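Now for the letters of each chain:
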Amino acid sequence: MSLQYLKEAVACGDSEKLIRYVRLHLGDGNEAHGRKEIDKAWIEALKLLLDMPETDREFVLETLRNKEPETLAHLFFHLHFYFVQRSGEWIHDGTL
Amino acid sequence: MTAPFDQPRQLRPGLWETVNERYPGSMLSKSDFVPLAPAKAGVGVSPDLRQLRGRAAGGTPFDVVHPVGDYSFRRVPSHCKPSDLEIHQIKYPTRGAHRDLNVIFPIERLQELVSEGVVGALTANLFSFIGYNMDPERLERTLSEEIADAVVADGADIALLCPA
């Protein structure tokens, strides 16, 4: 896989190739692990909100309103790893 | 049972004899040799070492989460101690490197070689970049060129490449 491969997948609308790459990236080369990692991040985020704690919604809305989509996409990847790390089940070999 | 070879078998004899014709400058020839001892600056360039950042020097950590990679590099002052540096990587085991950073970034060994007079000096900076890059053309066009320029600007005579 290369950037060219991914761009061609975008051009062809081949979502399977794209999500496979995301899973491989997040799962350190193992697609099944990648799926689980995505689930782990969402579960961790969900758990934090179940008791309906106070959150800085102004910050969230302002960030979404004022930041460009590319920065938000980058943040999305950061948030994934943040929540996975927070879950305590860190499969990666190094540290974030 | 297969008998062991008495002599190592060269699968492609003569391969290296013509390598400089095919890829000019890729193999050292006698005229290329640089004597290490007489005050020639040695530089440890660290392609694929990638995960160090100098606490003293500050700077943003490498972007280890970006799906396409990070095409920046960091200067690591060559006088640094391992305790000044931080590994920033999630894609390969770092336990060994945390015990002894020199296994991926032989900064103390290089400092020793200088103090023993084997190498004349180190350049002011060593260089580090991340190896998770999905765009080899961009890697070559930007990062490789930028590091090469920085190495030349530091007055290096030789470069040591240390993949992690």
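Refer to the structure above for everything that follows.
Residues numbered from 1 in each chain as written. Chains lettered and ligands numbered in written order. Predicted model: local features only at pLDDT ≥ 70, side-chain atom pairs only at ≥ 80, totals over all residues. Heavy atoms only, no water.

A. View of the interface of chain A and chain B. Taken residue by residue, the interface counts 17 residues in chain A and 17 residues in chain B. For the pairing of chain A and chain B, the buried interface totals around 1500 Å² over both sides, and the portion due to carbon and sulfur atoms is 62%. Contact with chain B buries surface across chain A, with Leu3(A), His25(A) and Asp93(A) losing the most and accounting together for 32% of the total. Connecting chain A to chain B are zero salt bridges. Linking chain A to chain B there are six residue pairs in polar contact (both at pLDDT 80 or more). Of all elements in the fold, only helix H1 (3-12), helix H2 (15-26) and helix H5 (69-87) of chain A reach the threshold of two or more residues within the side of chain A that touches chain B. The biggest single contributor to the side of chain A that touches chain B is H5(A), with four residues. In the side of chain A that touches chain B, the residues fall into eight nonpolar, seven polar and two charged. (Contact = heavy atoms within 4.5 Å. Buried area = accessible area lost by both parts, 1.4 Å probe. Salt bridge = Lys/Arg side-chain N within 4 Å of Asp/Glu carboxyl O. Polar contact = N/O pair within 3.5 Å; in protein donor to acceptor, adjacent residues only side chain to side chain. Helix = DSSP H or I, 4+ residues; strand = E, 2+ residues; numbered from the N terminus. Nonpolar A, V, L, I, M, F, W, Y, C, P; charged D, E, K, R; others polar.)

B. Quick peek at unusual backbone geometry. Residue and element names in this part refer to chain A. Although it is not a glycine, Asp28 adopts a positive phi angle of roughly 50 degrees. Considering the arrangement of structural elements, one finds Asp28 in the loop between H2 and helix H3 (31-49). With a relative accessible area of 29%, Asp28 lands in the partly exposed category. A positive phi angle is found at Met52, which is not glycine, with a value near 50 degrees. (Buried < 20%, exposed > 50% of the residue type's maximum accessible area, 1.4 Å probe, protein only.)

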